[in-house]
Amino acid sequence: MKALTAPATIAVAVTLALVAAITPVNYAQGRPVVVATSGDAETMDAVMSAISTTFSIQRHVLEPLVDNDPDAKLVPVLATQWRALDALTWEFKLRPNVRFHNGEPFNAEAAKFSIERARDHPKSLLKAYVSLIKEVRVVDNLTLRLVTTEPSPDLVANLANNVFMYPPRYTREVGDDGVAKRPVGTGPYRFVEWIRDDRIVLEANPTYWGPKPQATRVTIRPIPEGATRVAALLAGEVDVIESPPIPDIPRIARTRGFKVLRKQGPRLIFIAMDTHRDRGGPHPQFSPGLPAGQPNPFKDVRVRQAIYHAINSKEIVEQVMQGAAAPAEQILPPFMYGYNPKVRRPIYDPSRAKRLLAEAGYPNGFTVRLDVTTDRYVNDREVGLAVVGMLKRVGIDAQLNGMPRAIYFPKMRAFDTSFQMSGWLTLISSTNWAALLGCVDPKTGYGRANYGRYCNPELNRLIDIMRTEMDEKKRLEAFYKAAELNRQDVGKIPLYFEELIRAVKENITMPVRVDESILAHEITFR
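Here is a short report on the structure shown in this document. This one's a predicted model, so the numbers in the text were calculated from it and none came from an experiment.

What counts and how
- Residues numbered from 1 in each chain as written.
- Predicted model: local features only at pLDDT ≥ 70, side-chain atom pairs only at ≥ 80, totals over all residues.
- Heavy atoms only, no water.
- Axes fitted to C-alpha atoms, helices over the stretch in contact; angles between N-to-C directions.
- Helix = DSSP H or I, 4+ residues; strand = E, 2+ residues; numbered from the N terminus.
- Left-handed = near helix turned anticlockwise from the far one by under 90°.
- Contact = heavy atoms within 4.5 Å.
- Pairing = 2+ DSSP bridges.
- 1 Å grid on protein atoms, 1.4 Å probe; cavity = no way out; pocket = protein on both sides within 12 Å on 5 of 7 lines; lining within 4 Å.
- Points joined across faces, edges and corners; volume = space filled by probe spheres on them.
- Nonpolar A, V, L, I, M, F, W, Y, C, P; charged D, E, K, R; others polar.
- Core = buried A, V, L, I, M, F, W, Y, C linked by side-chain atoms within 4.5 Å.
- Buried < 20%, exposed > 50% of the residue type's maximum accessible area, 1.4 Å probe, protein only.
- Arc of directions from axis to C-beta.

## A look at the packing of helix H14 (residues 429–437) against helix H16 (residues 472–489)
In step 1: Contact pair H14 / H16: the axes reach a minimum separation of 12 Å and the direction vectors enclose 35°. Between H14 and H16 the crossing geometry is left-handed. For the pair H14 and H16, the contacting residues are Ser-429, Ser-430, Trp-433 and Leu-437 in the first and Arg-475, Phe-479, Ala-482, Ala-483 and Asn-486 in the second.

If you want it as structure tokens, here you go:
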């Protein structure tokens, strides 16, 4: 696959051809579709969430200026053209004759309002994508200019699939709480109802500016248990399910009337450690997964290196994931921009791990709690158990603490953890680094998934270069150095990249998107 975030140093003009290439259908021939997801939406306000499952649901109602196609190529949505006027100024031409579902017009003022809300709202989880935008200028009703504080080679990619457009009047009237419960956008579907943990219902937008979807009514059902999702599919209760359990895949594929869709994905599963607090004890002053009073072993790089050597990623992929993943050499997969082909993960070597622990003052290991989700990632609990078993071989008594995502992520965002296994996905290489390994800073948005609060000033400097350097050679060099630095200093331990797996009824055609979304308007029926 082509690198996902090549620098954009020249003007870009995109025609409507990509959108027009989607064959329109007879609206009257539409039909309902039921999609079973692994979890419910956190909120319907995209500014307040960083969970891909939530994003996938929001994208039916809300639209960005620019989006990614199923293979992460940039495509126009509410902006029809964009270009760099100089190193600090980007101009966007907006799509005419578009209205929000409540009748408000979409225009440059609405785009300005939405971008500034993503940048300035105190609870925004999108700051990292727009923090370099200094000024949003309305040139005319359909022309917008963004002025950045520094060159921003990823500006367009950052807007894509992250910063959605909101109607200003409606948003001000209903406030954050109203937007979170009843969103209004320009998308192919209008919001109908949300019964938490049961269903979200959407209906096709009859005045949508783009191709009319074949699925005219969409029900999204959160079904956390994988086996239950499979049972619902095979019983005909739902049409599409995400992430069927790996052991069930052969059975689904053999069952008449159903099929399995697969693609290698960029979602990284990794191990993170608290490198911030000095001793174990009650949260938030102390590190809660370590015994009270015990010095924090993760502050010693030799301990982090020992854990890296102790975990056999290849075995996890083969035995636990049954091949439905690829071992991770670094935090970026090989097909993304900035992957360093010379950096390999440390070899699996339990003996070396024991020596490193002894050198660090832990010849008999130590005790720690490993926090994992039980309903977010494929086989997450089983992988956590495998990691616990591997650590036990080198003397580390890691106690598995599994929990549902609804409990897990609020705890992680509050840094209520010492040792955790988690996952991360974004299609922007520099954002991967900034989110996972940037020093936590609400102003820049760095470190928003850096729950261990690892902070290395040199790595932070390299991330700054990734985000602002327009010279291709210098920028790529920063990515390469960062990959080598993480291998040595072990800010995160990459485990593997998940394969994307969907199961659908035989009469359904849909792409498997690398951004993990399941979009009902991309479903066609045979």
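## Concerning the environment of Met-412
In step 1: Tracing the sequence through the fold places Met-412 in helix H13 (residues 405–413).
In step 2: In this structure the C-alpha to C-alpha distance between Met-412 and Ser-422, which are 10 residues apart in sequence, comes to 9.5 Å.
In step 3: When sequence neighbours within four positions are dropped, the list of residues in contact with Met-412 reads Asp-371, Thr-417, Gln-420 and Tyr-451.

## Description of the sheet that holds strand S7 (residues 143–148)
In step 1: Across the sheet, 4 strands lie side by side as S4-S5-S7-S6; this open sheet has antiparallel pairing. Because the sheet does not close on itself, it has two edges, and the strands there are strand S4 (79–86) and strand S6 (133–140). If you compare each strand with its neighbour and ignore which way they point, the axes differ by 20° on average.
In step 2: One ladder, built from 6 bridges, connects S4 with strand S5 (residues 89–94); its direction is antiparallel. Considered in S5, the bridge of Ala-79 is made with Leu-94.
In step 3: Each of S5, S6 and S7 is contacted by helix H3 (residues 108–120), which is oriented at about 170° to S6, the strand it contacts most.

## Some points on empty space enclosed by the protein
In step 1: Throughout the structure, instances matching the rule amount to 3 cavities of 30 Å³ or more.
In step 2: Considering only enclosed or pocket space, the largest cavity measures out at about 70 Å³ in volume.
In step 3: The wall of the largest cavity is formed by 13 residues, among which Tyr-129, Leu-132, Ser-152, Asn-158 and Arg-467 lie closest to the centre.
In step 4: When contributions to the lining of the largest cavity are tallied by element, the ones reaching two or more residues are helix H4 (127–130), helix H5 (155–159) and H14.
In step 5: A per-element tally of the lining of the largest cavity places H4 first, with 3 residues.
In step 6: When its residues are assigned to classes, the lining of the largest cavity shows 6 nonpolar, 5 polar and 2 charged.

## Description of the environment of Leu-268
In step 1: Looking at the element boundaries, Leu-268 is found in strand S12 (residues 258–273).
In step 2: Sequence separation between Leu-268 and Glu-498 is 230 residues; the distance between their C-alpha atoms is 6.7 Å.
In step 3: Look past the residues within four positions of Leu-268 in its chain and what remains in contact with it is Ala-328, Gln-330, Ile-331, Ser-422, Gly-423, Trp-424, Leu-436, Pro-494, Leu-495, Tyr-496 and Phe-497.

## Describing the nonpolar core
In step 1: The biggest cluster of nonpolar side chains holds 93 residues, and the ones touching the most others in it are Ile-307, Phe-419 and Trp-433.
In step 2: At 8 residues, S12 tops the list of elements feeding residues into this core.
In step 3: If we ignore the near neighbours within four places in the chain, the residues touching Ile-307 are Met-273, Phe-298, Leu-391, Ile-396, Phe-419 and Ile-493.
In step 4: Counting residues in hydrophobic clusters, the runner-up holds 69 residues, among them Leu-94, Leu-159, Val-179 and Ile-518.

## Some words on H13
In step 1: Within the span of H13, buried status applies to Arg-405, Tyr-408, Phe-409 and Met-412. The arc that holds the buried residues of H13, viewed along the axis, is 85°, so those residues lie on one side.
In step 2: Phe-415, located one to two residues past H13, shows a positive phi value of around 60°.

Taken by themselves, the reported measurements are silent on function.
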